[in-house]
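Residue-level structure breakdown
Chain by chain, the residues:
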Amino acid sequence: MSEARVLVVEDEESYRDSLKYLLAREGFDVLLAETGPKGVEMFLRDGADVVLLDLMLPGMSGADVFRTIRERSDVPVIMVTAKDDQVDRIIGLELGADDYVTKPYSGRELVARIRAVLRRQHLGAAGIPDEPERLTVGGLTLDPERLSVTRDGEAQSLPPKEFALLHLLAQNAGRVLPRQVIIDRVWGADYFGDTKTLDVHIKRLRGRIEVDPSEPMLIQTVRGVGYTFEG
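Structure report, in brief. As the structure is a computational prediction, the values presented were derived from the model and not from experiment. (Residues numbered from 1 in each chain as written. Predicted model: local features only at pLDDT ≥ 70, side-chain atom pairs only at ≥ 80, totals over all residues. Heavy atoms only, no water.)

Once that is clear, we can look at the sheet that holds strand β11 (residues 219-222). The strand order β10-β12-β11 describes an open sheet built from three strands, whose pairing is antiparallel. Because the sheet does not close on itself, it has two edges, and the strands there are β10 (176-178) and β11. Direction aside, the axes of adjacent strands within the sheet are offset by 30 degrees on average. By the bridge criterion, four bridges tie β11 to strand β12 (residues 226-229) in an arrangement that is antiparallel. (Pairing = 2+ DSSP bridges. Helix = DSSP H or I, 4+ residues; strand = E, 2+ residues; numbered from the N terminus. Axes fitted to C-alpha atoms, helices over the stretch in contact; angles between N-to-C directions.)

As structure tokens, then:
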């Protein structure tokens, strides 16, 4: 963990310099990029164990950098957004970032978040059993080995977090799972982010598996409590 490589893609020099000092002091191998294209280039050339990615970048937006990285790797990405900018925050969550921080951020909190996503990555996709077994429920067949879900003979791959969430709900079909329980199981008890992350992933899952996402039949919201899978 102490030798993990962190790629920082940040256009503000003051943040880059402080991050280099902070993360190097914590034992991380730090790579710095000041533009979107440079961040992609460095990631493809040098790799990284976690990416700290500013959403607003010159040359290429943070969202496009994220998509390019995600096409090639499931490396954890922590999105950095403007202070109290709810729009940026939602964009980061919609993209599927593993976590996000807002400027200005606490150095101690940032290091804790980096270590948390690395720990979850090391443990593997949360919620997926160590010995994968297919699960069929509610007309869906879940394949943990391939991170895929099949419905009506058509299979589609899911991002690890979305699959972990669906697998957890399907395993507990008919039971109401409180929001915090779901977050602890899928994102880990040390997750620092906004609970809206869960709602975003539920919305995306419904778009993939529901016949009519606006009138979901499989993943039901239990207002004030959490979610349940009606299998």
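With that settled, the discussion passes to the pattern of salt bridges. Pairing is possible between side chains of opposite charge, provided their charged atoms come close. The final tally for this structure, using the stated rule, is 17 salt bridges. A salt bridge links R5 to D29; its shortest N-O distance comes to 2.8 Å. A residue pair is termed long-range when its members are at least 10 positions apart, and R5 in strand β1 (residues 5-9) and D29 in strand β2 (residues 29-33) qualify at 24 residues. One salt bridge in this structure joins D64 and R67, with 2.9 Å as the shortest N-O distance. With D64 and R67 both in helix α3 (residues 62-72) and three residues apart, this pair spans about one turn of that helix. (Salt bridge = Lys/Arg side-chain N within 4 Å of Asp/Glu carboxyl O.)

Function cannot be read off these values alone, since they describe shape.
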